[in-house]
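Letter by letter, the chains look like this.
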Amino acid sequence: MFFYDPTFIILVPALLLAIWAQIKVSAAFSEYSKIRSLTGFTGSQLAMRLLDGAGIYDVRVESMPGHLTDHYDPRTKVVRLSSSTYASPSVAALGVVAHEIGHAIQHAEKNPALAFRNLLAPVANLGSSLAWIFFIIGLLFALPALWQFGIVLFGLAVLFSLITLPVEYDASKKALKLLRENIMMSEEELKGVRKVLNAAALTYVAATAMAVLQLLRMLLIAGAFGRRD
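Colleague: What is the right way to look at the packing of aromatic side chains in this model?
Modeller: When we look at a pair of aromatic rings, we describe it by the centre distance and by the angle of the planes. As enumerated under the stated definition, the model contains 2 aromatic pairs in all. When the centroid spacing of 5.4 Å and the interplanar angle of 85° are considered together, the rings of Trp-132 and Phe-135 count as edge-to-face. Here Trp-132 pairs with Phe-135, and both are found in helix α4 (residues 112–140), just 3 residues apart, close to one helical turn. Judged by its relative accessible area of 0%, Phe-135 is buried. Relative to Phe-149, the ring of Phe-134 lies with its centre 5.1 Å away and its plane at 75°, an arrangement referred to as edge-to-face. Residue Phe-134 is located in helix α4, and its partner Phe-149 is located in helix α5 (residues 144–181); the two are separated by 15 residues in the primary sequence. Its relative accessible area of 25% is what places Phe-134 among the partly exposed residues.

Colleague: Please clarify how the sheet that holds strand β3 (residues 78–82) should be interpreted in this entry.
Modeller: Adjacent strands of a sheet form backbone hydrogen bonds with each other and so pair up, either parallel or antiparallel. Reading across from one edge, β1-β3-β2 is the order of the 3 strands in this open sheet, with mixed pairing throughout. Among the strands making up the open sheet, the edge pair consists of β1 (60–64) and β2 (71–73). Averaged over all adjacent pairs, the angle separating strand axes in this sheet is 25°, with direction ignored. Each of β2 and β3 touches helix α3 (residues 91–108); the most contacted strand, β2, lies at about 25° to it.

Colleague: What am I meant to see in the nonpolar core here?
Modeller: Core analysis: the biggest nonpolar cluster contains 35 residues, and Leu-46, Val-79, Ile-101 and Leu-179 have the highest contact counts within it. Where this core is concerned, the elements lending two or more residues are α1 (12–32), α2 (43–53), β3, α3, α5 and α6 (187–228). Among the elements that take part in this core, α3 stands out by supplying 9 residues, more than any other. Every residue in contact with Leu-179, bar those within four places of it in the chain, is listed here: Leu-46, Leu-94, Gly-95, Ala-98, Met-184, Met-185, Leu-190 and Val-193. Core analysis: the next-biggest nonpolar cluster, separate from the first, contains 14 residues, Ala-131, Trp-147, Val-158 and Met-218 among them.

Colleague: Before we go on, may I ask you to explain the pattern of salt bridges in this structure?
Modeller: Where charged atoms of side chains with opposite charge meet at close range, the side chains can pair. One pass over the structure, following the stated rule, counts 9 salt bridges. Glu-168 is the salt-bridge partner of Arg-117, the closest N and O atoms lying 3.1 Å from each other. Of this pair, Arg-117 sits in helix α4 while Glu-168 sits in helix α5, and the two are 51 residues apart along the sequence. In this pair, the class of Arg-117 matches that of Glu-168, namely buried. Across the pair Arg-180 and Glu-187 runs a salt bridge, and its minimum N-O distance is 3.1 Å. The partly exposed category is assigned to Glu-187, whose relative accessible area is 45%.

Rules used in this analysis
Residues numbered from 1 in each chain as written. Predicted model: local features only at pLDDT ≥ 70, side-chain atom pairs only at ≥ 80, totals over all residues. Heavy atoms only, no water. Phe/Tyr/Trp six-rings, centres within 6.5 Å; stacked < 30°, edge-to-face > 60°. Helix = DSSP H or I, 4+ residues; strand = E, 2+ residues; numbered from the N terminus. Buried < 20%, exposed > 50% of the residue type's maximum accessible area, 1.4 Å probe, protein only. Pairing = 2+ DSSP bridges. Axes fitted to C-alpha atoms, helices over the stretch in contact; angles between N-to-C directions. Contact = heavy atoms within 4.5 Å. Core = buried A, V, L, I, M, F, W, Y, C linked by side-chain atoms within 4.5 Å. Salt bridge = Lys/Arg side-chain N within 4 Å of Asp/Glu carboxyl O.

Encoded structure:
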């Protein structure tokens, strides 16, 4: 079973979706990172402008190394912008930055989905790391409680992925609204932002699909072992 696992085939659709999503993200960001926004803002300048416009004064903006490693850290209230967006005035960079400010606004507004995701994050991270270990050990040594615990742990990681989807789509929706209303970005540039953000959202869809199918795979493997007993 562990050397040849026929259940692996159910992951193929999610793997293909993940590859396609990554290609779309790279292509969209590459295309619109070459187009300078007429707004005149760099990523860091836009971040500060949008935070001020939203009345959020306790969130810092920092630069960090990497490509598209941008994120908002709710624990420290810091928007971290990658080297590919921090000083860039491109349409792609401004779209990514506005998306992260969208998360900061969600946090300030006490968005319930974001709050639940943040609460679940430590457990989900633990679950995704240890679930398969408990699961396999439980099957090998015929310890139902252990493999069942592994499934529960991984189920929490799946729940985290499912909650992430509406949070990310809402942040992108907020980003487009901010760019349109706060800095009067043109509709032509907003089309580029929308392409970048939609491509990025697809990566979350792919990750969720992979998590759901992995959970299904766990259940199928557990069922197969159960029938052997």
